[in-house]
Protein chains: 2
Amino acid sequence: MAETRTLEPEEWELWDLWMRAQRVLTQELDRVLRRDFGISKAEFSVLVTLSRAPGREMRVSELCESLAWEKSRVSHQLTRMENRGFVERTQCGAGGRRTRIGLTATGHRAAQSAILGHAGNIRRYFLDSLTPEQAAAIRAWSEQMIDQVEPPHGGSDG
Amino acid sequence: MAETRTLEPEEWELWDLWMRAQRVLTQELDRVLRRDFGISKAEFSVLVTLSRAPGREMRVSELCESLAWEKSRVSHQLTRMENRGFVERTQCGAGGRRTRIGLTATGHRAAQSAILGHAGNIRRYFLDSLTPEQAAAIRAWSEQMIDQVEPPHGGSDG
DNA sequence: TCTCTAGAGTTGATACGTCAACTCTTCCCT
DNA sequence: AGGGAAGAGTTGACGTATCAACTCTAGAGA
């Protein structure tokens, strides 16, 4: 059980700073992606993942795994993207269920044009502003954090 | 104009790692806050800000300023919190408009109990896992990022 | 006084994300 | 074969976030 005391002003400031930095960065990237390519960050993630898959198609569960998203999030996102004509759900196995997620031509085009531009934006807003020490610190911290909160799932009861 | 090339695998990995770490951290904090205190991160932010204000009341625009949220976000949030009985909108000036945002007794209680607990969680999940070098790197990077994307608007240059 | 405009705040539409509940299929056990 | 659990995927409800459009008030200027 952790001790419960309020944060020192300096601690609070660091936390607040970090949260804000995070938010302005992701928000700005999302804004620019929308403005320049007409797609959202969520759509971009799905488009990229699908366009890298062999045959440009995957199952929902594979998409969940690759994106580290939950299945309902993926499903809702696919519904929205199906409505926009970026992906299509078609039958896969014998059961007649629509379990194959494919990229449409429109989706593929959108992915291709956005990938370069978004890479440039990630560079410009994130990577280029990082000193080597900062990059190392962020990498180490991120790894810790992911391990700490999301232990490589496999039954590690704690 | 930035050069447009795709990210090196290592660059992409850092970006992906950072995004995931961010997400698991904020998600976990939100989850725990909800579980232990029955309020969301957004509600927490508003409650804390209001409970620190003199008289425990503010105008919407002051709330916007303090939280660095946009006004419609604040307004929608206040509507939800008004429905939950955490805040109340009452008349302030002569015009009869409901421009004063006050904390209810319920809201104050919720804030008090959550503040300690959430501070502990921020400590446990974020601050405690930071080495001094990481803390310094994160602070410096955050400041850069905020300056870069959100230049201190308000005329007082310097 | 009348109008114009700027600012404060609200609202509706829409997208995103989570939880819980649901359907459908498969496959194991008897 | 019949029953039931497990897994895949969907759906509905709800909270959250953004944008654009709207209302209302106050204040400036004719």
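The rules behind the values
- Residues numbered from 1 in each chain as written.
- Chains lettered and ligands numbered in written order.
- Predicted model: local features only at pLDDT ≥ 70, side-chain atom pairs only at ≥ 80, totals over all residues.
- Helix = DSSP H or I, 4+ residues; strand = E, 2+ residues; numbered from the N terminus.
- Buried ≥ 20, exposed ≤ 12 C-beta atoms within 10 Å, placed from the backbone.
- Contact = placed C-beta atoms within 7 Å.
- Pairing = 2+ DSSP bridges.
- Axes fitted to C-alpha atoms, helices over the stretch in contact; angles between N-to-C directions.
- Least-squares fit on C-alpha atoms with pLDDT ≥ 70 in both.
- pLDDT = per-residue confidence, 0-100.

Describe the overall build of chain A, with residues and values.
Within chain A one finds 6 helices and 3 strands. Helices (α) and strands (β) of chain A occur, in sequence order from the N terminus, as α-α-β-α-α-β-β-α-α. Looking at chain A as a whole, 21% of its 158 residues are labelled buried. In chain A, the proportion of contacts linking residues at least 24 apart, taken out of those at least 6 apart, comes to 49%.

Tell me about the interface of chain A and chain B, and name the residues and values.
Taken together, the contact between chain A and chain B spans 45 residues of the former and 45 residues of the latter. When residues in the side of chain A that touches chain B are grouped by element, the largest group, 15 residues, is from helix α6 (residues 132–149) of chain A.

So what's going on with the sheet that holds strand β2 (residues 87–90) of chain B? Which residues, and what values?
Residue and element names in this part refer to chain B. Sheet architecture is open: 3 strands sit in the order β1-β3-β2, paired in antiparallel fashion. The sheet is open, and its two edges are formed by β1 (57–59) and β2, each paired on a single side. For this sheet, the mean inter-axis angle between neighbouring strands, taken without regard to orientation, is 30 degrees. One ladder, built from 3 bridges, connects β1 with strand β3 (residues 100–103); its direction is antiparallel.

Break down the relation of the copies chain A and chain B for me, with residues and values.
Screw-axis analysis of chain A against chain B gives a translation of 0.0 Å along the axis, an RMSD of 0.1 Å, and a rotation angle of 180 degrees. Here the transformation between the copies is reduced to the relation of a two-fold axis. Residue A137 of chain A of chain A places its C-alpha closer to the rotation axis than any other residue of that unit, at 3.1 Å.

Describe the pairing of β3 of chain B, and please don't skip the residues or the numbers.
All names here are of chain B. Judged by which residues are buried, β3 turns out to be one-sided: I101 and L103 face inward and are buried, whereas R100 and G102, on the alternate face, are not. Of the pairings in the sheet, the one linking β2 to β3 comprises 4 bridges and is antiparallel in character. Pairing of V87 across the sheet is with L103, part of β3.

Before we move on, could you go through unusual backbone geometry and cite the residues and values that matter?
All names here are of chain A. At R56, a residue that is not glycine, the phi angle is positive and equals roughly 50 degrees. Considering the arrangement of structural elements, one finds R56 in the loop between α2 (41–52) and β1 (57–59). Under the C-beta neighbour-count criterion, R56 is labelled partly exposed, with 16 such atoms within 10 Å.

For the confidence of the model for chain A, give the residues involved together with the corresponding values.
Looking at chain A, the pLDDT average stands at 87 and 88% of residues meet or exceed 70. Throughout residues 153–158 of chain A the model reports pLDDT below 50, and contacts reaching past four residues in sequence, or to other chains, amount to 1 contact.

Before we move on, could you go through the sheet that holds strand β3 (residues 100–103) of chain A and cite the residues and values that matter?
Residue and element names in this part refer to chain A. Read across the open sheet, the 3 strands follow the order β1-β3-β2; overall the sheet is antiparallel. The open sheet terminates on both sides in strands that have one partner only, identified here as β1 and β2 (87–90). Within this sheet the neighbouring strands show an average axis-to-axis angle of 30 degrees, counted without direction. In this fold helix α4 (residues 71–83) packs onto β2 and β3, with an angle of close to 110 degrees to the strand it touches most, β2.

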